[in-house]
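Architecture at a glance
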Amino acid sequence: MDPEAFLDIANQVVKLKMFPYFDIAHCVLCALHVREDLGAGATQFSRKHPLACWLSYMLVVFAGGMVASALLAEPILAPLKNTPQLIVATLVWYVVFYTPFDIGYKVSKFLPVKIVCSAMKEIYRCKKVYDGVTHAAKLYPNAYLIMIIIGTLKGNGAGFTRLIERLIRGVWTPTAMEFMQPSFYTKSCIVASIIFILDKKTEFISAPHALVYFGIVIFFVYFKLSSILLGIHDPIVPFENLMCALFFGGIWDSLARILGKGQPKEGDAKDAKKTN
Amino acid sequence: MDPEAFLDIANQVVKLKMFPYFDIAHCVLCALHVREDLGAGATQFSRKHPLACWLSYMLVVFAGGMVASALLAEPILAPLKNTPQLIVATLVWYVVFYTPFDIGYKVSKFLPVKIVCSAMKEIYRCKKVYDGVTHAAKLYPNAYLIMIIIGTLKGNGAGFTRLIERLIRGVWTPTAMEFMQPSFYTKSCIVASIIFILDKKTEFISAPHALVYFGIVIFFVYFKLSSILLGIHDPIVPFENLMCALFFGGIWDSLARILGKGQPKEGDAKDAKKTN
Amino acid sequence: MDPEAFLDIANQVVKLKMFPYFDIAHCVLCALHVREDLGAGATQFSRKHPLACWLSYMLVVFAGGMVASALLAEPILAPLKNTPQLIVATLVWYVVFYTPFDIGYKVSKFLPVKIVCSAMKEIYRCKKVYDGVTHAAKLYPNAYLIMIIIGTLKGNGAGFTRLIERLIRGVWTPTAMEFMQPSFYTKSCIVASIIFILDKKTEFISAPHALVYFGIVIFFVYFKLSSILLGIHDPIVPFENLMCALFFGGIWDSLARILGKGQPKEGDAKDAKKTN
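No experiment lies behind these values; they were computed from the predicted model shown.

**Let's talk about the overall build of chain A**
- Scanning chain A from terminus to terminus reveals 16 helices and 0 strands.
- Each principal axis of the C-alpha distribution contributes one length, and for chain A these read about 70 × 50 × 40 Å.
- The buried share of chain A, taken over its 276 residues, is 51%.
- Taking contacts inside chain A between residues at least 6 apart in sequence as the whole, the part at least 24 apart equals 71%.
- When the accessible surface of chain A is summed, it comes to about 12,600 Å², and 68% of that surface belongs to carbon and sulfur atoms.
- The positive charge centre, built from 28 side chains, and the negative charge centre, built from 20, are 7 Å apart in chain A.

Written out as structure tokens, the structure is:
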């Protein structure tokens, strides 16, 4: 491929306008998420408690912005001030939950539709991570941890509001904590935030910004599609296991067990490598 | 009644000073609410855990202001900066919980006292809803949803902090979510917020502002009194059922069931109409 | 002791630099707290969920600042902007949880080390309470309750974030509410906040500021050491019981019981005196 044409595409991806098509794709997937989270009782719940259903869906749609605002002392409700976006989100919710014969739901579940929406959502996610890192860097130019946190929350906010989202629907699942078993989205958002920070704040990355951005978009979309189509859910796990073995006790624990005087009982090291 | 005299009364109601009498009425009802929420163990709890009792009561008294502040990135503790109001609230709490022979509690439970307090609280509630809508409109002149949310939260904050209020007392009831079964207060505050917005932002309502305000005060007081005296708890339910049937699946679900290919099982439509 | 030399020491204590030694002592005790809160499964948990472990530890370390920021509409993440402090905190966490053969943990559990760290932490706590009161007084010069709340939260933040800290680790213990059974730290922070306010805002205390500050430092350190070494856990309890008996029902309830017409059942008064 011609490098200049490639850079050209990258530049266009950076400048993509998100409203309304990418917003619609994002909303469709959020509505599907809420509906699937409700399980078998989804239809009945949406008829009995439309307000709770709508509020928890809105929380999922605007999760990233709201959580990031809360942590940066900006108005939590500010993401709701954009009335056209609100109307689009509400229409999507209505279509997925209440159309006659469940046409809306069935169409949005249809694989090709879902693939297109997922790919668009990943492009949107990348923009959100970048916006989050930029915003945090403006507020705290030297606080790298805050940039990573805000970038990650903007990119995968819904993962962190799951407890509240379910609480709005009257369900409390304290063990479903994102931090305990971070999903691939969280981990890839952390990686993307770090790359954006390296690109912005240091000289390590010499490629032009548009290429870095486009690379992360491709990375996000590629792994999302391979997750839907091939069932590969977390390509970061091997690196995690390596890191856990090197830095978080794996090797030392094994050594201690061999020498017969460490606390870990049998089977611990195996468990340690299984999950993060 | 003479229309001019009526307008005169309306104007006076708009300008009513709230401190201290309306504050006292509000505090008395909040203290009764906390005490009744504690159930049979109220006396014992108030003796064993005065701090938790006082804090959860304070949260109920200042719920609206605190929640609205939290959502608008204003200091959550700001409602506590008014020291005279704090002292009044604390005195009322002391009188309801700790007077000898429980005189304070018995007096405030006495029906005529309760009726007067309730009527005053509804007047106060109307002022809070109006203040909330005005405040939000100043911050976000075009964000109608934010105005409705802030108006409703200011008007019926205690309904939304119930989970936290109980958590302070060591009780966790995740299913007691206001959004699941919105109370009449929540629904009437939503309606009042919408009317205030229509009055403020559009030309639909040609009546003078004082009349609109007074009308909502009368609506609040009337339904509160009919709830206490006649046991009519929710006059909005019929409209809700109609809306649910029209927009949230009722009719389409029935049609689908008749045609024999919708998902809803038998009995769903009936349930759907029962509650919001 | 020479009064001038004493005042000199007091002045030096007031000006003590906290970073990095006092920060390290604080972090060591926080890490021990998290590790002990995890109980027998601590090693295994830290291997399986390093992210949740680190986040809940960070919350404990920065609890006071974060909660106070949240309540005053300042950025919750602001305490994380100090990168050197973050690195020190992370190193301490790593040493306590992951050093080979658990050397870090064993050293920090060693009594003399723990005593030194505890004493340093109490000096730090006093500074935090003072900073909290000063900060709140600058924002709200007449809101004494807000000053007390912020001073107490800054001094014993970890006590109030325990629920969230455990929730990050996937454990939900709604009954472990600080307000229900305030610990000695909370109570002594309240007392210290009140003394600082009296010193700052009124003429009741004629001693120089440095002496007042030093007196509170001695009070904190003395009771901490007597708690570790002598097992005296709460020297404030007798005053509390007296206050409960006088103001919160004790005497009146007994009187009512003697007269045979109060609600409290037998055994209530006894319970009332046992705990706050």
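Picking up where we left off.
**Section: the relation of the copies chain C and chain B**
- For the pair chain C and chain B, the best superposition has an RMSD of 0.0 Å and corresponds to a rotation of 120° with a translation of 0.0 Å parallel to the axis. On this basis, the relationship between the two copies can be described by a three-fold rotation axis. Judged by C-alpha distance, A73(C) is the residue of chain C that lies nearest the rotation axis, at 3.2 Å.
- Looking at chain C, a mere 6% of its interface residues are interface residues in chain B too, so the copies touch through different faces.

**Describing a nonpolar patch on the surface**
- On the surface, L242(A), M243(A), L246(A), F247(A) and I251(A) cluster together into a nonpolar patch covering about 480 Å² of accessible area.
- With respect to the helices, strands and loops of the structure, M243(A) is situated in helix α14 (residues 237-247).

**Here's the deal with the packing of aromatic side chains**
Residues and elements named next belong to chain A.
- Following the criterion strictly, the structure yields 54 aromatic pairs over all chains and no others.
- Here F97 and Y98 contribute two aromatic rings whose centre-to-centre distance is 6.3 Å and whose plane-to-plane angle is 45°, an arrangement assigned as tilted.
- For F97, a relative accessible area of 1% corresponds to the buried category.
- Following the ring pairs from residue to residue traces out a cluster consisting of F184, Y185, F219, F220, Y222 and F223.

**With respect to the relation of the copies chain A and chain B**
- Placing chain A over chain B gives an RMSD of 0.0 Å and needs a rotation angle of 120°, together with 0.0 Å of translation along the axis.
- Of the residues that chain A buries at the interface, just 6% are likewise interface residues in chain B, meaning the two copies contact each other through different surfaces.

**Some thoughts on the nonpolar core**
- Among the nonpolar cores identified, the biggest contains 240 residues, and Y57(A), I146(A), Y57(B), I146(B), Y57(C) and I146(C) are the most heavily contacted of them.
- If sequence neighbours within four positions are ignored, Y57(C) has contacts with C27(C), C30(C), A31(C), V34(C), A89(C), V92(C) and W93(C).

**A short note on the side chain of E165(A)**
Residue and element names in this part refer to chain A.
- Tracing the chain through its elements places E165 in helix α11 (residues 162-168).
- Of the residues examined, E165 reaches a relative accessible area of 0% and is grouped as buried.
- A polar side-chain atom of E165 sits 3.0 Å from a polar atom in the side chain of R169.
- Once you skip the residues sitting within four places of it in the chain, E165 turns out to touch H33, V34, D37, S56, L59 and V60.

**A look at unusual backbone geometry**
- The amide bond that connects F19(B) to the next residue, P20(B), takes the cis arrangement and shows omega of 0°.
- Relative to the helices and strands, P20(B) resides in the loop between α1 (3-14) and α2 (21-38).
- Positioned with a positive phi, F101(A) is a non-glycine residue whose angle comes to about 60°.
- Within the fold, F101(A) resides in the loop between α6 (83-98) and α7 (103-109).
- A relative accessible area of 29% means that F101(A) is categorised as partly exposed.

Criteria and cut-off values
Residues numbered from 1 in each chain as written. Chains lettered and ligands numbered in written order. Predicted model: local features only at pLDDT ≥ 70, side-chain atom pairs only at ≥ 80, totals over all residues. Heavy atoms only, no water. Helix = DSSP H or I, 4+ residues; strand = E, 2+ residues; numbered from the N terminus. Buried < 20%, exposed > 50% of the residue type's maximum accessible area, 1.4 Å probe, protein only. Contact = heavy atoms within 4.5 Å. Areas by Shrake-Rupley, 256 points an atom, 1.4 Å probe, with all protein chains shown as cover. Lys, Arg positive; Asp, Glu negative; His and termini not counted. Charge placed at Lys NZ, Arg CZ, Asp CG, Glu CD. Least-squares fit on C-alpha atoms with pLDDT ≥ 70 in both. Patch = residues over 30% accessible without salt bridge, like charges linked within 9 Å, V, L, I, M, F, W, Y side chains within 5 Å. Salt bridge = Lys/Arg side-chain N within 4 Å of Asp/Glu carboxyl O. Phe/Tyr/Trp six-rings, centres within 6.5 Å; stacked < 30°, edge-to-face > 60°. Core = buried A, V, L, I, M, F, W, Y, C linked by side-chain atoms within 4.5 Å. Polar contact = N/O pair within 3.5 Å; in protein donor to acceptor, adjacent residues only side chain to side chain.

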